[in-house]
Amino acid sequence: MGDFAQAFQIAFNLLWSMDLELYSIVYLSLKVSISAVLISCAIGFVIGAALTVFRFPGRRFLLILFNALMGLPPVVVGLMVYMVLSRAGPLGVLGLLYTPTAMIVAQTVLITPLVAALSAQVLQELHLEYDEFFRSLQLSAREKLMALLWEGRFGLVTVGLAGFGRAISEVGAVMIVGGNINHMTRIMTTAIALETSKGTLALALALGIILIVISLLVNTSVALIRAKAREAIYA
Amino acid sequence: MLEQTNRTVKSTFARRCKPLQFEDVVLEINGITLIHQINCTLEASGKTVVLGPNGAGKSLFLRLMTGLMEPTNGSITGGLEEQEGALTSYQDNGAPCMSLVFQNPIMLRRTAYENIAFVLRHHRVPKLEIAGKVAAALSIARLETRAQVPARRLSGGEQQRLALARTLIINPHALLLDEPTASLDPLSTSIVEDMIEQADGMGTKIVFVTHDIKQAKRMADDILFIHEGRVLAHKSKRDFFKDPGSKQAQAYLDGRVLEK
Ligand SMILES: Nc1ncnc2c1ncn2[C@@H]1O[C@H](COP(=O)(O)OP(=O)(O)OP(=O)(O)O)[C@@H](O)[C@H]1O
Ligand SMILES: [Mg+2]
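Description of the structure in this document. Along each chain, residue indices are assigned from 1 in the same order as the chain's sequence is written. As a convention, the first chain written is A and the first ligand written is 1, with the rest following in written order. The predicted origin of the model limits local features to residues at a pLDDT of at least 70 and limits the giving and counting of side-chain atom pairs to 80 or more, whereas totals for whole chains, interfaces and linings rest on all residues. The side-chain figures draw on all heavy atoms in the structure; neither hydrogens nor water molecules are used.

1. Observations regarding the overall build of chain A
- The number of helices and strands found in chain A is 10 helices and zero strands.
- Put simply, DSSP H or I for four residues or longer makes a helix, DSSP E for two residues or longer makes a strand, and each gets a number counted from the N terminus. In chain A, the order of α-helices and β-strands from amino to carboxyl end is α-α-α-α-α-α-α-α-α-α.
- Only protein chains enter the accessibility calculation, which uses a 1.4 Å probe; a residue whose area is less than 20% of its type maximum is buried, one above 50% is exposed, and one in between is partly exposed. Burial status across chain A gives 48% buried among its 235 residues.
- When contacts within chain A are restricted to residue pairs at least 6 apart in sequence, those whose partners lie at least 24 apart make up 75%.
- Entry remark: accessible area of chain A is about 11800 Å², with carbon and sulfur atoms responsible for 71%.
- Note that His is not counted, nor are the chain ends; the positive residues are Lys and Arg, and the negative ones are Asp and Glu. All charge positions are set by atom: Lys at NZ, Arg at CZ, Asp at CG, Glu at CD. Within chain A, the 12 negative side-chain charges are centred at a point lying 7 Å from the centre of the 15 positive side-chain charges. In this description, contact between two residues means that some pair of their heavy atoms is separated by no more than 4.5 Å. For the accessible areas, the method is Shrake-Rupley and the probe is 1.4 Å, while residue cover comes only from the protein chains on display.

2. Things to note about the sheet that holds strand β2 (residues 32-42) of chain B
Residues and elements named next belong to chain B.
- Pairing between two strands requires that DSSP report at least two bridges joining them. On the basis of which strands lie adjacent, the open sheet formed by three strands has the order β2-β1-β4 and antiparallel pairing. Each edge of the open sheet is held by one strand with a lone partner, namely β2 and β4 (73-78). Within this sheet the neighbouring strands show an average axis-to-axis angle of 20 degrees, counted without direction.
- Bridge analysis of strand β1 (residues 20-29) against β2 gives seven bridges, and the strand direction is antiparallel. When the sheet's bridge partners are listed, Val 25 is paired in β2 with Ile 38. Simply put, an axis is a line fit to the C-alpha atoms, just over the touching stretch for a helix, and the angle between two N-to-C directions goes from 0 to 180 degrees.

3. Here we look at the pattern of salt bridges
- Salt bridge criterion: a side-chain nitrogen from Lys or Arg within 4 Å of a carboxyl oxygen from Asp or Glu. In the structure shown here, the tally under the stated rule is 14 salt bridges over all chains.
- Here B:Arg124 ties to A:Glu143 by a salt bridge, and the two come within 3.9 Å at their closest N and O atoms. Placement of B:Arg124 in the loop between α3 (112-122) and α4 (127-140) and of A:Glu143 in helix α6 (residues 141-151) is noted, with the two residues assigned to different chains.
- Accessibility expressed as a relative area gives 17% for A:Glu143, which makes it buried.
- The partner of B:Asp254 in a salt bridge is B:Arg256, with the nearest N and O atoms 3.4 Å apart.
- In this structure B:Arg256 comes out as partly exposed when scored by relative accessible area, which is 44%.
- Through salt bridges with shared partners, a single ionic network connects A:Glu129, B:Arg109 and B:Arg152.

4. Points about the coordination of the magnesium ion (ligand 2)
- Each metal's donors are the N, O and S atoms within 2.8 Å of it, or within 3.2 Å when it is Na, K or Ca, and because water is not part of the set, sites may look incomplete. For the magnesium ion (ligand 2), every protein donor is listed as B:Ser59 (OG) and B:Gln103 (OE1), and the spread of their distances is 2.0 to 2.3 Å. Of this pair, B:Ser59 sits in helix α2 (residues 58-66) while B:Gln103 sits in the loop between β5 (98-101) and α3, and the two are 44 residues apart along the sequence.

5. A word on the pairing of β5(B)
Residues and elements named next belong to chain B.
- Every second residue of β5 is oriented toward a common face, with Met 98 and Leu 100 on one face and Ser 99 and Val 101 on the other, all of them buried.
- With four bridges joining them, β5 and strand β6 (residues 174-178) adopt parallel strand pairing. Paired with Leu 100 across the bridge in β6 is Leu 176.

6. A look at the site of ligand 1
Residue and element names in this part refer to chain B.
- If a single non-hydrogen atom of a residue is within 4 Å of a molecule or strand, that residue counts as near it. Around ligand 1, a shell composed of 13 residues is seen, among which Gly 55, Gly 57, Lys 58, Ser 59 and Gln 103 lie nearest.
- One of the backbone nitrogen or oxygen atoms of Ala 56 is found 3.2 Å away from an oxygen atom of ligand 1.
- Think of a polar contact as two N or O atoms within 3.5 Å of one another; within protein, one of them needs to be a possible hydrogen donor and the other a possible acceptor, and neighboring residues in sequence only count if both atoms come from side chains. One nitrogen or oxygen atom from the side chain of Ser 59 is found 2.7 Å from an oxygen atom belonging to ligand 1.
- Within the complex, 62% of the 640 Å² of free accessible area of ligand 1 lies under protein.
- Ranked by residues supplied to the shell around ligand 1, first place goes to α2 with three residues.
- Looking at the shell around ligand 1, its residues break down into five nonpolar, six polar and two charged. Asp, Glu, Lys and Arg are counted as charged, while Ala, Val, Leu, Ile, Met, Phe, Trp, Tyr, Cys and Pro are counted as nonpolar; the rest, among them Gly, fall into the polar class.

7. As for the environment of A:Leu30
- Here A:Leu30 is to be found in helix α2 (residues 20-53).
- Once you skip the residues sitting within four places of it in the chain, A:Leu30 turns out to touch A:Ser35, A:Phe164, A:Ile168 and A:Ile214.

8. Comments concerning a nonpolar patch on the surface
All names here are of chain A.
- A surface patch of nonpolar side chains, about 520 Å² in accessible area, is lined by Leu 79, Tyr 82, Met 83, Tyr 98, Ile 181 and Met 184.
- Inspection of the secondary structure assignment puts Tyr 98 in the loop between α4 (74-85) and α5 (100-137).
- Judged by its relative accessible area of 33%, Tyr 98 is partly exposed. Only residues whose relative accessible area exceeds 30% and that form no salt bridge are eligible for patches; like-charged ones are grouped when within 9 Å, while nonpolar side chains (Val, Leu, Ile, Met, Phe, Trp, Tyr) are grouped when within 5 Å.

Below you can see the structure in the form of structure tokens.
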């Protein structure tokens, strides 16, 4: 029990003293996950909007597929991206394996289906409401797509935050493609896993606290955005 | 004299639309026939009022006119159809356009101001003119003070007026209105009626659905009576109110249940 108390003590010290190692890990985590979320949103929102606006054969299949891929196990994504990026793989020449870029790729693959499927849900509801209005104005497909994305802005931001929540907390994919190399590819989740297994609980605890704070912040933002949208009847 | 001036204005503007002809138009949805063999011709100007009980098919009729729905059978010709290219032009410098104001106003999740600006931008109105035009539209609808309010927060009647102003500002050549005054107070009703009369004065073809018989008497040039998906009468206002032409129309006007 005394050991745990001591671990907490050290953890808080690390947090207060702005420990460089600790915060460089936090920084890399945020950098990787935020990059992945931005890329996933750029791709996923367009996919979601396209699945809403265009009618084409295979559309339903894609909707089901993206929904199914929402729950993709991170380790499997890690494995797939590993195979693609490893020296023998199709993109091996790029030498990306065990770099932060590889981790961004893996997280992007992990959450793009989630972003696409959830944004399609948000946008389809709006599409039902606005379809006739847009058609009566004779909006082009591109104009419809842009207008829908804007009408869905509040919902889409919360979709992005959901993606971020999944990215920042996953460990399997980044562990495989990043390798958890000190000062290079070590991020919060992989560091927690490693430090805990080594028995150095203090750093793990400090990172765990930050991770919890981040997840609280994300969820609070979602709630605040929802409230704001509801207030203007934009939800 | 006033009448005279109106007429001349009308004839200079009412040139773009051709009469709109419905020939044997049938609409089926999921195997149910909702519109049965409509045959009628709507003139290219003037105010046509569409009357008929709930569920008669009036809203469907307007949707068919604008092309939002395709007839299962028959054809709708004339109107704006012979114009090349998009029907989405603005003012008098492009192709004409036909605009529908829906029975339930459809508001974007933006401010009242932005709802109007959206339509103007879509019609490629130069950036510099947008603020002025939006202000004009808001003032026609008497919504100047509500410009920055989220449109979906406006009251039902305010939304209805905004929807109409948003449509009128692009100066459509045919304006279709689905019960534009259904939920309006007397003042709003008269504002909307003025807006309609003004558009009519500029030569805009007006087709509107109403259940307000007095309003039909006040405003219509001709009356189209729809009952269970059929056009039972299409007459000038005077002829229609003198002789509705069917026991269904008579019952509708009297507010009676039709004895079978
Ligand atoms: N998309 C649709 N699918 C199936 N039935 C429909 C559809 N749209 C309308 N209907 C049916 O067609 C009939 C006519 O509908 P419509 O909306 O044209 O009535 P209306 O004359 O406008 O009535 P109201 O005065 O109540 O507005 C109704 O019975 C309605 O249920
Ligand atoms: Mg109707």
